[in-house]
Structures are given as structure tokens and as C-alpha cells.
Amino acid sequence: MGFKCGIVGLPNVGKSTLFNALTATAAAEAANYPFCTIEPNVGRVGVPDKRLDDLARIAGSAKIIPTQLEFVDIAGLVRGASKGEGLGNQFLGHIREVDAIVHVVRCFEDTDITHVEGEINPIRDIEIIETELMLADMESLDKRLPALEKKLRTKDPVALIQYPLMERALELLKEGKPARFVECSPEEQIEFQRLQLITTKPILYVCNVAESDAASGNNFTEKVKVRAEQEGGRIAIISAAIEAEVAALDSEEDKTEFLQSLGLEETGLTRVIREGYALLNLITFFTIGPKEAHAWTVHKGAKAPQAAGEIHTDFERGFICAETTACEDYIAFQGEQGAKAAGKLRLEGRDYVVHDGDVFHFRFNV
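Everything numeric in this text was worked out from a predicted model, so none of it was measured.

### Some details on the overall build of the protein
Now for step 1: Helices and strands together make up the secondary structure of the protein, namely 14 helices and 12 strands.
Now for step 2: Within the protein, contacts between residues separated by at least 24 positions form 68% of all contacts whose residues are at least 6 apart in sequence.
Now for step 3: Carbon and sulfur atoms make up 50% of the accessible area of the protein, which amounts to about 17,700 Å² in all.

### Quick look at a negative patch on the surface
Now for step 1: Where like charges cluster on the molecular surface, the negative patch consists of Asp250, Glu253, Asp254 and Glu257.
Now for step 2: Note on Glu257: relative accessible area 57%, which makes it exposed.

### Observations concerning the pattern of salt bridges
Now for step 1: Within the structure shown, the criterion is met by 24 salt bridges.
Now for step 2: Close ionic contact of Arg124 with Asp125 constitutes a salt bridge, the shortest N to O distance being 2.7 Å.
Now for step 3: Between Glu266 and Arg274 there is a salt bridge, with the nearest N and O atoms lying 2.9 Å from each other.
Now for step 4: Since its relative accessible area comes to 22%, Glu266 is described here as partly exposed.
Now for step 5: A relative accessible area of 41% means that Arg274 is categorised as partly exposed.

### Topic: the environment of Val359
Now for step 1: By the secondary structure assignment, Val359 is in strand 12 (residues 358–364).
Now for step 2: In this structure Val359 comes out as buried when scored by relative accessible area, which is 7%.
Now for step 3: Measuring from C-alpha to C-alpha, the distance between Val359 and Cys327 comes to 5.9 Å, with 32 residues separating the pair along the chain.

### What to know about the pairing of strand 2 (residues 41–46)
Each regular strand carries side chains that alternate between the two faces of the sheet.
Now for step 1: Only one face of strand 2 is covered, namely the one carrying Asn41, Gly43 and Val45; the face carrying Val42, Arg44 and Gly46 has none of its residues buried.
Now for step 2: Here 6 bridges tie strand 2 to strand 4 (residues 68–73), and the two strands are oriented antiparallel to one another. Within strand 4, the residue paired with Val45 across the bridge is Leu69.

### Side note on the pairing of strand 4
Now for step 1: Of all 6 residues that make up strand 4, 5 are buried, and the element is covered over most of its length.
Now for step 2: Alignment of strand 1 (residues 4–8) against strand 4, held across 4 bridges, turns out to be parallel. Note on strand 4: the bridge partner recorded for Gly6 is Val72.

### A look at the packing of helix 8 (residues 240–248) against helix 9 (residues 252–261)
Now for step 1: Between helix 8 and helix 9, whose axes approach to 9 Å, the crossing angle comes to 155°. On the basis of the axis angle, helix 8 is roughly antiparallel to helix 9. You can see that helix 8 and helix 9 cross each other, and the crossing is right-handed. The residues of helix 9 that touch helix 8, namely those facing Ile242, Glu245 and Val246, are Lys255, Phe258 and Leu259.
Now for step 2: Its residues placed into classes, the contact of helix 8 with helix 9 shows 4 nonpolar, no polar and 2 charged.

### Some words on the packing of aromatic side chains
What characterises a pair of aromatic rings is the spacing of the ring centres plus the angle enclosed by the ring planes.
Now for step 1: Enumeration according to the criterion identifies 7 aromatic pairs in this entry.
Now for step 2: With a centroid separation of 6.3 Å and an interplanar angle of 85°, the aromatic rings of Phe285 and Phe362 are classed as edge-to-face. Separated by 77 residues along the polypeptide, Phe285 in strand 8 (residues 282–288) and Phe362 in strand 12 bring together distant segments of the chain.
Now for step 3: A residue is classified by how much of its surface remains accessible, and Phe285, at 0% relative accessible area, is buried.
Now for step 4: Joined through ring pairs, the aromatic side chains of Phe285, Trp296, Phe319, Tyr352, Phe360 and Phe362 make up one cluster.

### Structural notes on the environment of Lys201
Now for step 1: With respect to the helices, strands and loops of the structure, Lys201 is situated in the loop between helix 6 (186–194) and strand 6 (203–208).
Now for step 2: A sequence separation of 102 residues divides Lys201 from Asp99, and the C-alpha atoms of the two residues are 6.7 Å apart.
Now for step 3: Apart from residues no more than four positions distant in its own chain, Lys201 is found in contact with Ile95, Arg96, Val98, Asp99, Ile101 and Arg180.
Now for step 4: Only 3.1 Å separates the side chain of Lys201 from the backbone oxygen of Arg96, close enough to count as a polar contact.
Now for step 5: Looking at Lys201, its side chain comes within polar contact range of the main-chain oxygen of Val98, at 2.7 Å.

### Quick word on the packing of helix 4 (residues 122–153) against helix 7 (residues 219–231)
Now for step 1: Taken N-terminus to C-terminus, the directions of helix 4 and helix 7 make an angle of 40°; their axes are 9 Å apart at the nearest point. By the criterion of interaxial angle, the relationship of helix 4 to helix 7 is oblique. Side by side, helix 4 and helix 7 meet where Pro122, Ile123, Ile126, Glu127 and Glu130 of the first sit next to Phe220, Lys223, Val224, Arg227 and Glu231 of the second.
Now for step 2: Grouping the constituent residues of the contact of helix 4 with helix 7 by class yields 5 nonpolar, no polar and 5 charged.

Conventions used here
- Residues numbered from 1 in each chain as written.
- Predicted model: local features only at pLDDT ≥ 70, side-chain atom pairs only at ≥ 80, totals over all residues.
- Heavy atoms only, no water.
- Helix = DSSP H or I, 4+ residues; strand = E, 2+ residues; numbered from the N terminus.
- Contact = heavy atoms within 4.5 Å.
- Areas by Shrake-Rupley, 256 points an atom, 1.4 Å probe, with all protein chains shown as cover.
- Patch = residues over 30% accessible without salt bridge, like charges linked within 9 Å, V, L, I, M, F, W, Y side chains within 5 Å.
- Salt bridge = Lys/Arg side-chain N within 4 Å of Asp/Glu carboxyl O.
- Lys, Arg positive; Asp, Glu negative; His and termini not counted.
- Charge placed at Lys NZ, Arg CZ, Asp CG, Glu CD.
- Buried < 20%, exposed > 50% of the residue type's maximum accessible area, 1.4 Å probe, protein only.
- Pairing = 2+ DSSP bridges.
- Axes fitted to C-alpha atoms, helices over the stretch in contact; angles between N-to-C directions.
- Parallel < 35°, antiparallel > 145°, perpendicular 65-115°, else oblique.
- Left-handed = near helix turned anticlockwise from the far one by under 90°.
- Nonpolar A, V, L, I, M, F, W, Y, C, P; charged D, E, K, R; others polar.
- Phe/Tyr/Trp six-rings, centres within 6.5 Å; stacked < 30°, edge-to-face > 60°.
- Polar contact = N/O pair within 3.5 Å; in protein donor to acceptor, adjacent residues only side chain to side chain.

Structure below.
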């Protein structure tokens, strides 16, 4: 399991430049005018994880397979998108299909690149996009409530839960607050997620800055950070221009040297992935052998059989136990046999909660 992030933002904030850099392709045309992305572009990238490289080296794995992250580059939204302005309706539909929203915000000055609103103001830009998403959710709820009301009269069990949730969400949206702030009981949470409201999706703000601000940020990014903290979102500071240059370099040594010359220890992609994982409560586990070293993704709190199911449904259905080694122990003792000799390999059952970095060998019977 990976996760799908929809890249949104106003025109000319660096969305397509970032997408091209992240996927190392030129699939999305980056141009200095609105709506250069006519169809949503989808790019899959491997999640960089040094632990996987170390595990593969120790095991002598012939192939390394990282877990995947999917980016969907969605055309720039503008004021009135919820009413069909620009290419609004089409692309609001694409946003509904993603797991999280990566909201690219322009935090750099450049007189050569026009801003659709005339001046640089990241908080205003955020509010424009959020307003359009809230209006789209309000329209969706207004259309669905009458049909649900009919089911309510028949005591439909789903309607009995969803109708009051929709009413509370609509009331909050009319107050200018996104639906993610609706308070739900654990029982209501499942049905609330099934409503697929755009403004319930977690948000990662990606502040696109000039090269000189990539290491430390600037006054604009500080304002976005405060905004993110207030609403439970997260923030990553990158320079799309730097990412484009890094993507064009051939060797890892050249990339590292270039980043270090700018005072950076990692690429923007790494920061976006790390923040995205934290946002969605995702963790990584590994299966390691001579044929391949494979990274897999599960939600934090998943149990061993669920992790096994990520590999194959038969593994979950016939789960017996999981031979488990912590990643750091596998590396410290140079492999499974060394970890076993040191007493670091253990058998875990159906109730075992997966930890980030677990190395598994599943036993199953079907």
C-alpha cells in the first residue's frame, strides 16, 4: 500500500515544476500561464529509505523494491472553481479521489513569474483554495441531504448516522470552517469518512521558496507554519527550482554534493514523503531475502496479519505467525542469523502491532 497525494495550488506557484522534479519526468508541462496542466498527471516514485539499502546490502538482495508514493498533479484552481470557473469542476472531482492534499504555496518573489492574484500572500492563497473546496463540499451536501432524508423516514441504519453528521458538517462549512473540524465519536468516524468530503482530507503545505531560502525558510513560510499548526496540518519547505536541478543530475554523489553546497542534507522529495507519512500515520516494514529486499507500507496500529495481507491476501487469511526482527537489530547483527544468535529474532502472533522498521518473515497455511 502506498498513498495518493493530490498536488493543488493556484496557477504559477510551482506545482508542475515540483511534480516534474518529484517524478523525474516532463509529463506535466510547466509554463508561466494558468491551466497548462489539462489532464491530471500521475507519477509514481519510490520512497527513499536508507534502511532498505542497508538491509539489501547485508542480505545480498538481487533486487531492491521500495514502497511507492503516488502524486497526482491537478491543474491550478482559481476563485470560482467550485462554480466551474477555469477548469474547476473537473479538477475538484480529481481531488476527491486522493488520500491527502499537498497544497503548494508560493513563498518566493520573482517579477518574471506572474501571480494570478497580483502579489505574494501565501495565507490569502491558502484561503482562496480552501474556500473553493468548502464551497464544493457545501454543494455536495446540499444535493445529498434530501435523498438521505427519505431514507431517514424508513429508519435506515446508515442514514441515522450519516444525516446528523452531514447536518453538522454543513453547519460548520457555512461558518467558514472545513469539515475536518467536525467532532465525531469513534462509531461515527467510519461513516463520516464515507461521505468523502474534500475538506476532511489531511493537508501538507509545501512552501515553494527561492534557492537561498531552502535551508531555513523565510517570513512567508513562518506564516504558513502557524496556519498549519492551528489546523493540524503539516509543512515542508522546498525549492522547486533546486528539486528540478537535483533531478537532472545523474549520480547520487553529484546530488549529495550539490545539496551540501546549498546547506541541505536531503531533497525536498524526502521531506515531503516524511511529512506525508506522519500526516497519514503510515509506517514501513520490510521483507528481506537473497532475491529481493522489499519495503511495504501499513497504517500505524496495523497488526501482523494485516501487514501480511499487504503482500498477499493468502498470507493474511492463513496467517500463523511472523518471524520478527527490528531493523536496527538486523543491521547491527549483520542479518537474520546474527540477530537470531543474539536473541533478537522473535515469533509474533495475530495480535502483534507492527512497528516502523520491522523485518518480517511470515508463516502461513492456506
